[in-house]
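Summary of structural features
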Amino acid sequence: MQRSFLLILLLLAACSQPANSPYPAGQTGQSVLYSAFSERPKHLDPARSYSENEAAFIGNIYEPALQYHFFKRPYTLEPLTLEAMPRVRYLDAQGREVDGESSDLAFSEYELRLRPGIRYQPHPAFARRADGSPRYVPLDAEELADIERFSDFAETGTRELVAADYVFQIRRLADPRIQSPLLGLMADHIVGLKELAQSLAEALKQQPGDVFIDLNRYPLAGAVVVDKYTWRIRIHKKYPQFQYWLAMNFFAPVPVEAERFYRQPGMAEKNFTLDWQPVGTGAYYLAENDPNRVMRLVRNPNYHEDFFPPGHVDSGKRLPLVDEVVFSLEKESAPYWNKFLQGYYDASGVSSDSFDQAIRFDARGNPDLSPEMRSRGILLTTSVRASNWYLGFNMMDPVLGGLSDASRKLRQALSIAIDFEEYISIFLNGRGLPAQGPLPPGIFGYRDGEAGVNPVVYTWDGSQPRRRPVEDAKRLLAEAGYPDGRDAKTGEPLTLYLDTMDSGPEAKSRLDWYRKQFAKLGIQLVVRSTDYNRFQDKMRKGNAQMFEWGWNADYPDAENFLFLLYGPNKKAGLNGENAANYENPAFDRLFERMRAMEDGPARAAIIDAMVDIVRRDAPWAFGFNPKSFGLRHGWVANAEPNLMAHNTLKYRRVDGAARVAYQKTWNQPVWWPVGLTLAVLAAAVWPAAAAYRRRLKATANG
């Protein structure tokens, strides 16, 4: 027994990695990035996907024409597969070129020129027989019956990326079977896309639903191939924000071979679809798709030349820097956090449960790592998200609404009294930045420092904004006709109403906090909680007096936030995104000028004027811009957050040897329980063994 126990100890000590490692022996020392996902991606088809958890995969497999520069802020577009940025021409109704400010402008035409030599990842859709015909099209039913997994397609191929692949994807947006969430918006912009959708709907009435249809047979004036590497997209009027859509997965290329391959009979029944097995030209391909266990991205062996941007230690290095990315299923935050601390995940967010263990605040209220995290060599990254969260005032309400001096001063008073700095501290663990207006940081037009302070609510103390004292709010309240929170004409106390979908014990403390903010001014706040459907109905009808609302950027442009306050976008009656139902003719006129302008000093000046108007009118109590807190181990490099880009895995770098050393240090086996157990077992067995030997000896002597 003693010899066996020592042998076990020697074997365990000789292992190359800790016994509790969830990965194959030796793998953690390789160029592999370890992450996790909490729910199965529903769509991996770039024409269908519109979810953040899906973008983590799609963004690294597919390549739209443009991408966001990894480091530059404000967020800046640059060519990804193009030789240069798209060339834009402005045309009149007859197709003649006009100036971008011309009143005759009817169309904007984008010409895009592809870099030659880009090739797709290996895929069976490209496999060819000796005579050049497709290997798996048509696919014999008998052969398909023997194929259970995608890896059973033994032969693969590739080909060069061409302009027609980008045009084919635009056509796919109109395919009724795909149900692209972008069709409604793009049908209003891309010339002929709405008509193409109607034509395809008619054609499908005459055919089985899953049959291959050659979309290239149907006309689309707004997307045409010029030559092998060049294509043009024509949109109605002038819409400078269209360039941001060209960096999204909806405009990533899809080869017609993949559509023909997956549309064969029997393929969908085996889950062989673009939603399950994508095919792109990006830095990685999906090598393993087991959403109940693991999803694995592997370096695309055909990936084109792509280099780390200048100004960094890795500048000029060929991308990607990591060979493989392993995403393991983790449905609960606690196991994920524990495995991160053990070194089995390379990065982690900071949940409420782990916040106190991970984060401390310095004397100025800035977040920092706890001593435990520092002792482990863990690094903290914070970034302000391109989103906002605010308390909205219904501008149709007879008390809070309108643009009179009285109602404006009432809203200004409330904006001062609601202490969002305190809200951020109590309910967000400091993970937020008090908003100074409708634009978050990172968006063109946002002003930092003293120039960006909202003077209605804040003063500048020389280094940072300071919320005005509640006495200023009380003065404005009296000027609005409600001294000490009472109607100066009737003497009745002022009562206001907050409509919310939140209810239950978790929401109670937050809603109680709101009541205290209003009580500072002597105002009684009544919270009206309701279910989601009822709340949405009240918002559509304009019956909610106050409400909480937020917005995440679709693209990093001021228009994507300022349109939330544009009169024709009102929620009530028009079902737009202007939830406050704000309407100021001066703001609307500026918005209509600003939305069609290119970024530059003239546009910045108009944005400044628009922000000044809404600060004064106060249709929102500008709440906060959420902050993301990210932790990573010291062996992970180039993890700077880019909240608009999704193809950032190619920039990551890991030091596998440092990871293995950490894992061995923080996963030392504790052997004394094993020794104690063996000792107790030996003590229990020894008397019986001794008695047995005595009986054997007595029998032998007898």
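In the block above lies the structure referred to throughout.
Along each chain, residue indices are assigned from 1 in the same order as the chain's sequence is written. With pLDDT at 70 or above as the cut-off, local features in this predicted model cover only qualifying residues; side-chain atom pairs require 80 or more to be listed or tallied, and sums for whole chains, interfaces and linings still use all residues. Each side-chain value is worked out from all heavy atoms of the structure, with water and hydrogens disregarded.

Details of the sheet that holds strand β6 (residues 107-113)
What counts is decided by this rule: DSSP bridges decide pairing: two strands pair if at least two such bridges lie between them. Strands are runs of DSSP state E lasting at least two residues, helices are runs of H or I lasting at least four, and both sets are numbered from the N terminus onward.
On the basis of which strands lie adjacent, the open sheet formed by 5 strands has the order β5-β4-β6-β8-β7 and antiparallel pairing. A single partner strand is all that each edge strand has here, and the edge strands are β5 (97-98) and β7 (223-227). Relative to strand β8 (residues 230-236), β6 runs antiparallel, the two being bridged by 7 bridges. Bridged to E109 within β8 is R234.

As for the packing of aromatic side chains
Selection criterion: Here a Phe, Tyr or Trp ring, Trp counted by its six-membered ring, pairs with any other such ring whose centre lies within 6.5 Å, and the pair is stacked when the planes are under 30 degrees apart, edge-to-face when over 60, and tilted otherwise. Throughout this description, buried means an accessible area under 20% of the type-specific maximum (1.4 Å probe, protein chains only), exposed means over 50%, and partly exposed covers the range between. Whether a charge lies above a ring is judged from NZ of Lys or CZ of Arg, which has to be within 6 Å of the ring centre and within 35 degrees of the ring normal.
Under the counting rule described, the total for this entry stands at 45 aromatic pairs. Plain terms: the ring middles of Y423 and F624 are 5.6 Å apart, the flat faces sit at 25° to each other, and that makes the pair stacked. Here Y423 is found in helix α13 (residues 420-427), whereas its partner F624 is found in strand β23 (residues 620-633), with 201 residues between them in sequence. Its relative accessible area of 5% is what places Y423 among the buried residues. Pairing W513 with Y514 gives two aromatic rings, centres 5.2 Å apart and planes at 70°, and the pair type is edge-to-face. One aromatic cluster in this structure is built from Y136, F150, F153, F261, Y262 and F272. The ring of F107 carries the charged tip of R234 above its face, separated from the ring centre by 5.5 Å. Sitting over the face of the ring of Y90, K238 holds its NZ or CZ atom 5.1 Å from the ring centroid.

Overview of the side chain of R159
Convention followed: Distance and chemistry together define a polar contact, namely a pair of N or O atoms within 3.5 Å, with one atom able to donate a hydrogen and the other to accept it when in protein, and with adjacent residues in sequence counting only for side-chain atoms on both sides. In what follows, a contact means two residues having at least one pair of non-hydrogen atoms within 4.5 Å.
Summarising the element assignment, R159 is placed in the loop between α3 (141-145) and α4 (163-172). Among the polar contacts listed, one links the side chain of R159 to the side chain of D165, at a separation of 2.8 Å. At a separation of 2.6 Å, a polar atom in the side chain of R159 contacts the side chain of E257. Discounting chain neighbours no more than four positions away, the residues touching R159 are I118, R119, Y120, F126, D165, P255, V256 and E257.

A short note on the pattern of salt bridges
Threshold: Should a side-chain nitrogen of Lys or Arg be within 4 Å of a carboxyl oxygen of Asp or Glu, the pair is scored as a salt bridge.
Per the counting criterion, the structure on display carries 58 salt bridges. For E111, the salt bridge goes to R87, with nearest N and O atoms at 3.7 Å. Of this pair, E111 sits in strand β6 while R87 sits in strand β4 (residues 87-91); the two residues are 24 residues apart in sequence, bridging distant segments of the chain. Using a relative accessible area of 21% as the deciding quantity, one classes E111 as partly exposed. Ionic pairing is found between R96 and D92, a salt bridge with its closest N-O pair at 2.9 Å. Judged by relative accessible area, D92 falls into the buried class, the value being 6%. Each of D45, R172, D210, E259 and R263 takes part in salt bridges that share partners, so that together they form one network.

Overview of helix α20 (residues 656-666)
Applicable threshold: The arc in question is formed by the directions pointing from the helix axis toward the C-beta atoms.
If you check which residues of α20 are buried, you get G656, R659, V660, Y662 and Q663. Buried residues of α20, viewed axially, fall in a sector of 160°; they line one side. Exposed residues on α20 whose side chains face more than 90 degrees from its buried face are A657 and T665. Each element contacted by the buried residues of α20 is listed here: β1 (32-37), α9 (333-342), β23 and β25 (653-654). With a side-chain oxygen lying 3.2 Å from the backbone nitrogen of A657, the N-terminal cap of α20 falls on D655.

Everything listed here is a matter of coordinates, which is why it stays silent on function.
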